[in-house]
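# Structural overview
Each chain is listed here by its residues.
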Amino acid sequence: MQPASGNAEPLSGGNGGSSGSTVRSTEDVENTDCRMVPTEGIRDVSTWATCNPGAPIILPRPSRQISDAQRASWAIAREQRAAKKSLLDKAVQDYLAQQTSQMEEIALKHNVTVEYLKGLVGGQTHYYVTNLFATIIMPPASHDLSSRYNIHYKYISMPLQPTGGSCNESHADTPPDFIQTFDITFPPPTPLLDLQPLPLSVLHNKEFENIYSVSIKTFNKIQTRVFQALYTSDENVFIGAPGSGKTVCAEFALLRLWSKQDGSRAVCIEPYQEMVDQHVVEWRHRFSGVQGGKEIVSLTGESSADLRLLEKGDVIICTPTQWDVLSRRWRQRKNVQTVALLIADKIQLVGGEVGPTYAVVILRTRYVSAQTEIKTRIVACGVSLANARDCGEWIGAPSHAIFNFSPSSRPLDMDIHLQSFSIPHHPSLMIAMSKPAYLAIVEYAPTKPVIIFVPSRKQCRLTVADLLVHCTADSDPKRFLNIEEDDLQPHLEHVSDKGLVEYLKDGIGYYHEAMDKQDKRVVERLFQSGAIQVLVISKDMAWSLPVVSYMVIIMGIQYYEGKEHRYVDYPVMDVLQMMGRACRPTEDEQSRCVLMYQQTRKDFYKKFLVGGLPIKSHLPSHLLHYYFLAEIAVKTIENKQDAMDILRWTVFYRRLTQNRNYYNLHNASHQHLSDHPSELVENTSDFEALHAKTFFLLQVHSLCTEFQITSQLTEYLTSSDTW
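These numbers were taken from a predicted model, which means no experiment stands behind them.

### A few points about the overall build of the chain
Looking only at helices and strands, the chain has 30 helices and 17 strands in total. Buried positions account for 48% of the 723 residues belonging to the chain. Counting every atom, the chain has about 36100 Å² of accessible surface; 51% of that belongs to carbon and sulfur.

What follows is the structure, given as structure tokens:
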């Protein structure tokens, strides 16, 4: 078979009708799927025509002329497809985020791990998910938050956007409890009336006026608003306001108590021991000259020593756990019964980690007061709450003594800058946040003090190193140092951490719970004096931090929870506490906060940072069993009816009808409201068996005491953990 040379020559010669075609190399021909022909006597097998004799040759397609209108139409179509895909991706991300949040709530509610729940969902058991988030009811005028509050939301305009950074809109990843409680039934905030600031002379006591004469001349707007309720009456009072001098408000109640001069004592509850220590130092200095000097003491946790301190102290400052242990045997301790004033600071933590014990302390105070008919005044201070009326009524405050101001009622206006990120890997996320944090300092606070909160003490060092890298890249490594190194050196000689010394030389310090006390004092002194501009702090120090700044940067809202082996969100109360560190009324005209977080949390924080946070009770799921044991041991509870009566004093009982789904109440009728606590009492580890077990242990303890068997066994049986 001879190839058709007439078909091959035009392709190889380049002058025929197929001049637009290119001749492929031999290697290309060998790799094609062409029909093989005998090669004997054939010189040229490099073309398609040679490999396919007799096949028609298709001329090349002429170039297509595309008009500008067509190009514009295609560009619009591409944009529409990209926008549609982006919306679909966003909807899928929001669904997955909502599903994860709901699974976490279900796991917490039923006391199982998230991994176990995921196994159920992915196994043979199928769940049909309904849209719980469709029940969210926005409060009136919530579409225009800027008209109601002086808190402004802005996105940081950065010259360099980190990889993965995003400012896209996203749906709120709202926990189920917030869905049920954030509705239009909450009363509006207490209005701040246009009142003239009260002078110190309203105290009508020169000795009391001298306490504040050095630092202030008039009381601020919050203190002016609540002065009459606190200083001229003995009613229980609730104050909810964001960092507006609530300590002075609590001191009004103390001064009211001391003006009677009847020797009554007061108890101040602080949620954490670090806050107790700070209050003791502050009040010892402030009240050392009042009426011959007031005795300010803090409890130790050891019963015999605490009883002596309670006897001699005018003000006893302690944690909820310490006062819980001391006040359990109130029938045998007269000094517990005669407490005239209980100050509950940071009352919003009733819904937090220490909440169950905090709630028990307050409900016991009211119960003891009702049983002994000895009046104990309760003054509760906290942040703005959505359900402040429930909390105020729970502590026994009348409606006119419940002050719940809006979150914008600060001594200074605060600009809150929000920046979201979509980086799932947490270490990479922290690295990506360092550059925006540095640029925020340069842009908004180039010469003013800045506090940066990070998730852990290890991250403190890493963030300081990242900030110094950015300073060096800008050819200004000493940007944050406001003192000569020769003047700084005497302070550095007292620092034991050599790594911290090197960072302080560049104007940046870190501050965490594992530091030496001497190192902490040096860092505090340098930051307060302005010698260093930036202080990086671990999240655990938010409640005990003794310094404030012009701007606060919160780098991330998640930390690693070792018990669950996963990253979990900060409690919202912790975020509010961190934001409250940006407040210097005597030095600044405004304050700033930069909040960096995962993209799915944006709407959640926009809602609750300006609308108040609802609190819920964790007593039924966390501590009810141990609380019943303690009350049975001291014979406060002797039968089921006693347990029911005490349960009605709890904040849980008031929240029961407000959030029925969270507390498994299926109906709000009086019958269901009566039956549900009764079932809860009976199901608390079998109440009768619990009662019998408690008295058996008491008998064993009695025998141990009588025959003086080992003191270790006695201590074990009487410890709070045992009960």
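### Some remarks on helix H21 (residues 517–529)
Along an α-helix, residues three or four positions apart point the same way, because every turn accommodates 3.6 residues. Under the 1.5 Å per step criterion, the end-to-end length of H21 is 18 Å for 13 residues, consistent within 8% with the ideal 18 Å. Burial in H21 covers these residues: Asp519, Lys520, Val522, Val523, Glu524, Leu526 and Phe527. Here the buried face of H21 lies against strand S11 (450–454), helix H19 (485–492), helix H20 (498–504), strand S12 (508–511) and strand S13 (534–538). For H21, the N-terminal capping position is held by aspartate 516, with its side-chain oxygen 2.9 Å away from the main-chain nitrogen of glutamine 518. Glycine 530 lies just past H21 and shows a positive phi near 90 degrees.

### Description of the pairing of strand S6 (residues 315–318)
Side chains of S6 alternate between two faces, with Val315 and Ile317 and Ile316 and Cys318 buried alike. Sheet analysis places strand S4 (residues 266–269) next to S6, joined by four bridges and oriented parallel. Residue pairing for S6: alanine 266 is matched across the bridge by valine 315. Across three bridges, the pairing between strand S5 (residues 296–298) and S6 is parallel.

### So, helix H4 (residues 68–109)
Between its first and last C-alpha atoms H4 spans 61 Å; for 42 residues at 1.5 Å apiece the expected length is 62 Å, and the two agree. Of the positions making up H4, those classed as buried are Asp94, Ala97, Gln98, Ser101, Gln102, Met103 and Ala107. Of the residues trailing H4, asparagine 111 is marked for its positive phi of about 60 degrees.

### Examining a nonpolar patch on the surface
Taken together, the side chains of Leu88, Val92, Tyr95 and Leu96 make up a nonpolar region of the molecular surface, amounting to roughly 380 Å² of accessible area. Looking at the element boundaries, leucine 96 is found in helix H4. Assessed through its relative accessible area of 43%, leucine 96 is described here as partly exposed.

### Some points on the pattern of salt bridges
Within the structure shown, the criterion is met by 25 salt bridges. A salt bridge links glutamate 502 to lysine 505; the shortest N-O distance between them is 3.8 Å. Across the salt bridge formed by arginine 566 and glutamate 564, the nearest N and O atoms sit 2.5 Å from each other. Residues joined in a network through salt bridges with shared partners are Lys448, Arg584, Glu587 and Asp588.

### Brief notes about the side chain of glutamate 524
Within the secondary structure layout, glutamate 524 lies in helix H21. Among buried Asp, Glu, Lys and Arg side chains, glutamate 524 stands out as unpaired, with lysine 520 the closest opposite charge at 6.9 Å. Once you skip the residues sitting within four places of it in the chain, glutamate 524 turns out to touch Tyr511, Pro546 and Val547.

### What to know about the nonpolar core
Among the nonpolar cores identified, the biggest contains 128 residues, and Trp323, Trp394, Ile452, Val536 and Ile553 are the most heavily contacted of them. Among the elements that make up this core, the one with the highest residue count is helix H17 (residues 426–444) (10 residues). Excluding anything up to four places from it in sequence, isoleucine 553 contacts Ala437, Ala440, Ile441, Val450, Ile451, Ile452, Phe453, Val594 and Met596. In terms of nonpolar packing, the next biggest core, distinct from the first, is built from 44 residues, Tyr231, Ala241, Ala250 and Cys381 among them.

### Observations concerning the confidence of the model for the chain
Mean pLDDT over the chain stands at 76; residues scoring 70 or higher make up 72%. Contacts from residues 1–43, a stretch scored under 50 in pLDDT, to residues over four places away or in other chains number 35 contacts. This model gives residues 123–184 a pLDDT under 50, and the stretch forms 148 contacts once residues within four places in sequence are excluded.

### Re the pairing of strand S16 (residues 566–569)
Across the two faces of S16 the burial differs, with Arg566 and Val568 buried and Tyr567 and Asp569 not buried at all. Alignment of strand S15 (residues 558–561) against S16, held across four bridges, turns out to be antiparallel. Bridging from a neighbouring strand, tyrosine 560 pairs with tyrosine 567 of S16. Joining the antiparallel neighbours S15 and S16 is a turn of four residues, in which histidine 565 adopts a positive phi near 55 degrees.

Definitions and cut-offs
- Residues numbered from 1 in each chain as written.
- Predicted model: local features only at pLDDT ≥ 70, side-chain atom pairs only at ≥ 80, totals over all residues.
- Heavy atoms only, no water.
- Helix = DSSP H or I, 4+ residues; strand = E, 2+ residues; numbered from the N terminus.
- Buried < 20%, exposed > 50% of the residue type's maximum accessible area, 1.4 Å probe, protein only.
- Areas by Shrake-Rupley, 256 points an atom, 1.4 Å probe, with all protein chains shown as cover.
- Expected span 1.5 Å × (residues − 1).
- Contact = heavy atoms within 4.5 Å.
- Polar contact = N/O pair within 3.5 Å; in protein donor to acceptor, adjacent residues only side chain to side chain.
- Pairing = 2+ DSSP bridges.
- Patch = residues over 30% accessible without salt bridge, like charges linked within 9 Å, V, L, I, M, F, W, Y side chains within 5 Å.
- Salt bridge = Lys/Arg side-chain N within 4 Å of Asp/Glu carboxyl O.
- Lys, Arg positive; Asp, Glu negative; His and termini not counted.
- Core = buried A, V, L, I, M, F, W, Y, C linked by side-chain atoms within 4.5 Å.
- pLDDT = per-residue confidence, 0-100.

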